[in-house]
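Structural features, examined
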Amino acid sequence: MAAQKPKVVVTRKLPDPVETRMLELFGKETELNFDDTPFTADRLLDAMNRCDVLVPTITDRLDKALLARAGERLKLIANFGAGVDNIDVATANARGLIVTNTPGVLTEDTADLTMGLIMAASRRLVEGANVVQAGGFSGWSPTWMMGRRIWGKRLGIIGMGRIGQALARRAAAFGLSIHYHNRKPVSPRIAEELGATYWESLDQMLARMDVISVNCPHTPATYHLLSARRLKLLQPHAIVVNTARGEVIDEGALANMLARGEIAGAGLDVYEHEPAINPKLLKLPNVVLLPHMGSATIEGRIDMGEKVIVNIKTFMDGHRPPDRVIPAML
């Protein structure tokens, strides 16, 4: 691999500086997706039989069946994204394929957007903006467009990794009390810094929070972690925010409870059957819906691309890529 440049296939349009750098490093044989048309399964299979390195994104489903048909030439799957739930990592590992991702660089951007959704859902910001833009604002009224104060409320964070901790720092500045559920408690130093209370029981935490934020990855263990049963534990004034993965929440149950007023509101950037969204959610005024834009900053996407490049270059040089993902990590 080190003696010659690898054949690299990129499945989606990446920021121009990233694509330029890839061409410089890996040569003109690098295949870029200039029109950003998502790959079909057949096109993915064709690419995996012609390239040394595949650079997919979360829109590319590399399941067991597809990976089983990959060519012998393929050696590295350098995912453009922090999550790898689009890849059957166990099958890839069993076939000798190295999988990498782009962790760390999306932390602050995603935490910013999560805090924005908490604000927007609590204070009805999008609903109010829509009224004004539709010409419906006729003047101030004491009882119109009332939301809920977030100062002094309890925030329950599900998943206290990098993003969860970054959110906790922001939320504390807004006067929220920080609580969290995780596979294990964070270190005493971090807990003290964040002023965070650990709940071993997710059920008990859900029943006592004003705002719930989902910040854990999607794995088999977290699928429908917020099930219909658990959603019913929430207080009627509670707000649910999700900037992680849609599959963590039973979207149908959430939509039904929001429609019945059993939960006060929601702010969602991800969806269970993305890009499809439950039709009920689209009709509800107490829901803020965004198009999976948690990492959508110029800086963040370029940083992601640089991570991909470092992983490929390190692999080419015969070393272990810094962001390798193995099944035991999931």
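Summarised in this report is the structure supplied together with it. Please read all numbers here as calculations on a predicted model, not as lab measurements. (Residues numbered from 1 in each chain as written. Predicted model: local features only at pLDDT ≥ 70, side-chain atom pairs only at ≥ 80, totals over all residues. Heavy atoms only, no water.)

What follows concerns the overall build of the chain. Scanning the chain from terminus to terminus reveals 13 helices and 12 strands. For the chain, the C-alpha radius of gyration of 22 Å lies close to 20 Å, the compact-globule estimate for 330 residues. Dimensions of the chain along its principal axes, counting C-alpha atoms only, are 70 × 50 × 35 Å. When burial is assessed residue by residue, the chain has 50% of its 330 residues classed as buried. Partitioning the contacts of the chain with sequence separation of at least 6, the portion at a separation of at least 24 is 60%. Counting only carbon and sulfur atoms, one obtains 55% of the accessible surface of the chain, whose full area is about 15900 Å². A distance of 4 Å separates the average location of the 39 positive side-chain charges in the chain from that of its 36 negative side-chain charges. (Helix = DSSP H or I, 4+ residues; strand = E, 2+ residues; numbered from the N terminus. Rg over C-alpha atoms; globule rule 2.2 N^0.38 Å. Buried < 20%, exposed > 50% of the residue type's maximum accessible area, 1.4 Å probe, protein only. Contact = heavy atoms within 4.5 Å. Areas by Shrake-Rupley, 256 points an atom, 1.4 Å probe, with all protein chains shown as cover. Lys, Arg positive; Asp, Glu negative; His and termini not counted. Charge placed at Lys NZ, Arg CZ, Asp CG, Glu CD.)

Before going further, it helps to spend a moment on the pairing of strand β5 (residues 154-158). The buried fraction of β5 amounts to 4 of the 5 residues, a majority that puts the element mostly inside the structure. Taken together, β5, helix α7 (residues 162-173) and strand β6 (residues 177-181) constitute a β-α-β crossover, and its handedness is right-handed. By the bridge criterion, 4 bridges tie β5 to strand β8 (residues 211-214) in an arrangement that is parallel. Paired with leucine 155 across the bridge in β8 is valine 211. (Right-handed = clockwise from strand over helix to strand, strands pointing away. Pairing = 2+ DSSP bridges.)

An order of β1-β2-β3-β4-β12 is seen for the 5 strands of this open sheet, with the pairing classed as mixed. The open sheet is flanked by β1 (8-10) and β12 (324-325), the only strands paired with a single partner. Relative to strand β4 (residues 98-100), strand β3 (residues 76-78) is paired through 3 bridges, and the arrangement is parallel. Each residue of the ladder has a partner; that of leucine 76, found in β4, is isoleucine 98.

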